[in-house]
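Coordinates in review
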Amino acid sequence: MFAIAVKEEQYKTYILSDQPAQSRVEVVPERGGIITSWQVQGHDLLYLDAERFANPDLSVRGGIPILFPICGNLPNNTYCYQGKEYQLKQHGFARDLPWEVTEGVTKDQASITLILNSSDRTRAVYPFDFELAFTYKLKGNSLEIDQRYTNTGDRPMPFSTGLHPYFWAPDKSKLQFKIPAVQYRDQKTQIQYPFTGSFDLNVDEIDAAFTKITGLAATAIDHSRRLQVRLLFKASYSNVVFWTLKDQDFYCLEPWTAPRNALNTGLHLMNLQPGDKWETQVRLTVDFF
């Protein structure tokens, strides 16, 4: 019923499948531990820019990138810690580094666990020691992303984390959203707007931050494809971001634990004590109608 296969292409790709449910997930550990594909009953649910994915010098646009140790960007890509300035580019480094596969399970589900440890490369821009463990679990029409963050160093570790799913939508005019908030902030202009379930998709870019959410799920309904994707997350996720570009066949619904620039402002920033572990989870489900 459940299986894990490996294919060798430009990058080694792990394929998790639930055969009776006709669902499958593809994971590329070498390229930031990213999920590149999620299919259910023959429907592709994620968008992937294959050209950018093939270029290791570019960040991936598509799949489900991992955001750590920041979400969004910092002013001038800079933050200060104990009187010293450090440079971190947008969304951090976890999405750009190779992860290590440590476990695969095919009993009761198809799952794979990936690990990312701190290194000289990460300490140069983020002076903390850590271990991240992400377990991707596929069962039926659900994809679960379990996460464990461990502070392996000797000082408190500040961070935020999030996911950046790119959902495929060939006709965005037929989309409707249920997000547990009544307003959002345009992240470029900082203007607040009321939210009624849709966006003006004629503008070049929408970068909307929902910072006062009142629930733990967001739903995107695609009437053109007759399906809905539901994003469920733990209470530690204080923000949901919606992002899309005009004339591009994707939209993003992103759970973040903290807003942009949290390393400088401290707003909703996690502070993990030495030796401590913190766990969280995001779950995606798809239903057809």
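Scroll up to find the structure.
Per chain, residue numbering runs from 1 following the sequence as it is written. Where totals are concerned, whole chains, interfaces and linings use all residues; where local detail is concerned, this predicted model gives features only for residues with pLDDT of at least 70, and gives and counts side-chain atom pairs only at 80 or more. The side-chain figures draw on all heavy atoms in the structure; neither hydrogens nor water molecules are used.

Describing the side chain of His 164
The cut-off we apply is this: Only DSSP runs of H or I reaching four residues or more are called helices, and only runs of E reaching two or more are called strands; each is numbered from the N terminus. When checking whether two residues touch, look at their non-hydrogen atoms; a contact exists if any pair is within 4.5 Å.
Within the element layout of this structure, His 164 appears in the loop between strand 14 (162-163) and strand 15 (166-168). Non-local contacts of His 164, meaning those with residues more than four positions away in its chain, are made with Gly 63, Ile 64, Pro 65, Leu 67, His 91, Trp 243, Cys 252 and Glu 254.

A short note on the sheet that holds strand 3 (residues 23-28)
What holds strands together in a sheet is hydrogen bonding between their backbones, with the strands either parallel or antiparallel. Rules: Two strands pair under a simple rule: DSSP has to find at least two bridges between them.
Pairing is antiparallel in the open sheet, where 5 strands are placed in the order 1-2-3-4-5. One side of each edge strand has no neighbouring strand; the edge strands of this open sheet are strand 1 (2-8) and strand 5 (43-44). In the sheet, strand 3 pairs with strand 4 (residues 34-40) via 6 bridges, with the strands oriented antiparallel. Looking at strand 4, one finds that Val 25 is bridged to Trp 38.

Considerations on the pairing of strand 25 (residues 277-288)
In the sheet, strand 12 (residues 142-151) pairs with strand 25 via 9 bridges, with the strands oriented antiparallel. Opposite Thr 150, over in strand 25, you have Lys 277 as the bridge partner. Pairing geometry for strand 21 (residues 227-233) and strand 25, over 7 bridges, is antiparallel. Across the sheet, the residue bridging to Phe 233 is Val 282, located in strand 25.

Notes on the packing of aromatic side chains
Note the cut-off: To pair, rings of Phe, Tyr and Trp, with the six-membered ring standing in for Trp, must have centres within 6.5 Å; the planes then decide the type, stacked if under 30 degrees apart, edge-to-face if over 60, and tilted in the middle. Residue exposure (1.4 Å probe, protein chains only): buried if accessible area is under 20% of the type maximum, exposed if over 50%, otherwise partly exposed.
Within the structure shown, the criterion is met by 36 aromatic pairs. Plain terms: the ring middles of Trp 99 and Phe 134 are 5.2 Å apart, the flat faces sit at 80° to each other, and that makes the pair edge-to-face. A residue pair is termed long-range when its members are at least 10 positions apart, and Trp 99 in the loop between strand 8 (84-87) and strand 9 (100-105) and Phe 134 in strand 11 (residues 130-139) qualify at 35 residues. The exposure class assigned to Trp 99 is buried, which follows from its relative accessible area of 6%. Assessed through its relative accessible area of 1%, Phe 134 is described here as buried. Judged by centre distance (5.0 Å) and plane angle (70°), the ring pair of Phe 177 and Phe 242 falls under edge-to-face. With Phe 177 in strand 16 (residues 175-178) and Phe 242 in strand 22 (residues 239-245), the pair connects residues that are 65 residues apart, well separated along the chain. Side by side, Phe 177 and Phe 242 carry an identical accessibility label, which is buried.

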